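# Structural characterization, general
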Amino acid sequence: MHERKHTDLVVGLVLILVGLFLTAWQFVPEFRIWFVVLDWPLYVIGVGGILFILGLLANMPGLSVPACMVMGAGAIFYWQKETGRWDSWSYAWPLLVSSMGVGMLLSGLLGIPERRRRLLINGLQWIVVGLVLFFLFDALFGMHILGPYWPMVLVVVGLWLLIRTFLRDRG
């Protein structure tokens, strides 16, 4: 029943915000100017920000995961629009995995203390996995951000696996 109460709260807040937005759109012409000026990827980032704020207001820290993923997608789209590098999606998509990890970190920091440690560890792992995949796919398909040093990604992954193995054996 407790979860149902939170869900109703979030849905109610979303409906109120959407209703206010649409009312302002119809009756306040100056309101539309803001949306002509802004680039469309900023809308995507804004939707993620609204999701995050709703999660905070409704005491649902788990909403930070999809909120960060939506904001991450908006940030990628913004970069692509500004640079014209729409082909970068072939190597930039792993950044969504990293943004999921950021959301897990935030969820752990804002959420239930008993789950905090697990969410923080998992969040950090997903951030690392996403970044490693990003640099690896960039080396294969992209702009080669790391230049001739891209094989160091393999070294970093190997070191991470070794350290993780040793830490598990000690724990």
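This text follows the structure it describes.
This structure is a prediction, so every number in the text was calculated from the model and none was measured. (Residues numbered from 1 in each chain as written. Predicted model: local features only at pLDDT ≥ 70, side-chain atom pairs only at ≥ 80, totals over all residues. Heavy atoms only, no water.)

## A closer look at the pattern of salt bridges
We count it as follows: The term salt bridge refers to a pairing of a side-chain nitrogen on Lys or Arg with a carboxyl oxygen on Asp or Glu at a separation within 4 Å. The helix and strand labels rest on DSSP assignments: H or I over at least four residues marks a helix, E over at least two residues marks a strand, and numbering proceeds from the N terminus. Burial classes follow relative accessibility: with a 1.4 Å probe on protein chains only, a residue under 20% of its type's maximum area counts as buried, one over 50% as exposed, and anything between as partly exposed.
Throughout the structure, instances matching the rule amount to 2 salt bridges. Here Asp39 and Lys81 are joined by a salt bridge, their closest N and O atoms 3.4 Å apart. Taken together, the positions of Asp39 in the loop between α2 (29-37) and α3 (40-57) and Lys81 in helix α4 (residues 64-83) put the pair 42 residues apart, joining distant regions of the chain. Since its relative accessible area comes to 22%, Asp39 is described here as partly exposed. Using a relative accessible area of 32% as the deciding quantity, one classes Lys81 as partly exposed. In this structure, the salt-bridge partner of Arg85 is Asp87, at a minimum N-O distance of 3.0 Å. When its relative accessible area of 23% is taken as the criterion, Arg85 is described as partly exposed.

## Brief notes about unusual backbone geometry
Backbone geometry at Asn59 places phi at a positive 55°, although glycine is not the residue there. Position of Asn59 relative to the elements: it lies in the loop between α3 and α4.

## Remarks on a nonpolar patch on the surface
Applied cut-off: Exposure above 30% relative accessible area and no salt bridge define the residues that can form patches, which grow by joining like charges within 9 Å and nonpolar side chains of Val, Leu, Ile, Met, Phe, Trp and Tyr within 5 Å. Here the Shrake-Rupley method, with its probe set to 1.4 Å, supplies the accessible areas, and only the displayed protein chains count as covering residues.
The grouping of Tyr149, Met152, Val155, Leu159, Leu162, Ile163, Phe166 and Leu167 at the surface amounts to a nonpolar patch, some 850 Å² of accessible area in total. Here Leu162 is to be found in helix α8 (residues 152-170).

## Considering the packing of helix α6 (residues 94-110) against helix α7 (residues 113-141)
For the record, the criterion: Axis geometry follows a simple rule: fit a line to the C-alpha atoms, using only the stretch in contact for helices, then measure angles between N-to-C directions, giving values from 0 to 180 degrees. Working rule for angles: under 35 degrees goes down as roughly parallel, over 145 as roughly antiparallel, 65 to 115 as roughly perpendicular, anything else as oblique. Helix crossings get a hand from a simple test, with the near helix turned counterclockwise from the far one by less than a right angle marking a left-handed crossing and a clockwise turn marking a right-handed one.
It is the contact of α6 with α7, at a shortest axis distance of 7 Å, that shows an interaxial angle of 165°. Judged on the interaxial angle alone, α7 and α6 are roughly antiparallel. You can see that α6 and α7 cross each other, and the crossing is left-handed.

## Re α6
How we decide: Helix span, as expected, comes to 1.5 Å for every residue beyond the first. Residues are treated as being in contact if the distance between any of their heavy atoms lies within 4.5 Å.
Taking 1.5 Å of rise per residue, the 17 residues of α6 would be expected to cover 24 Å, and the 25 Å separating its terminal C-alpha atoms lies within 8% of that figure. Among the residues of α6, Pro94, Leu96, Val97, Ser98, Ser99, Gly101, Gly103, Met104, Leu105, Ser107 and Gly108 are the ones counted as buried. Residues of α6 that are buried in the fold lie against α4, α5 (89-92) and α7.

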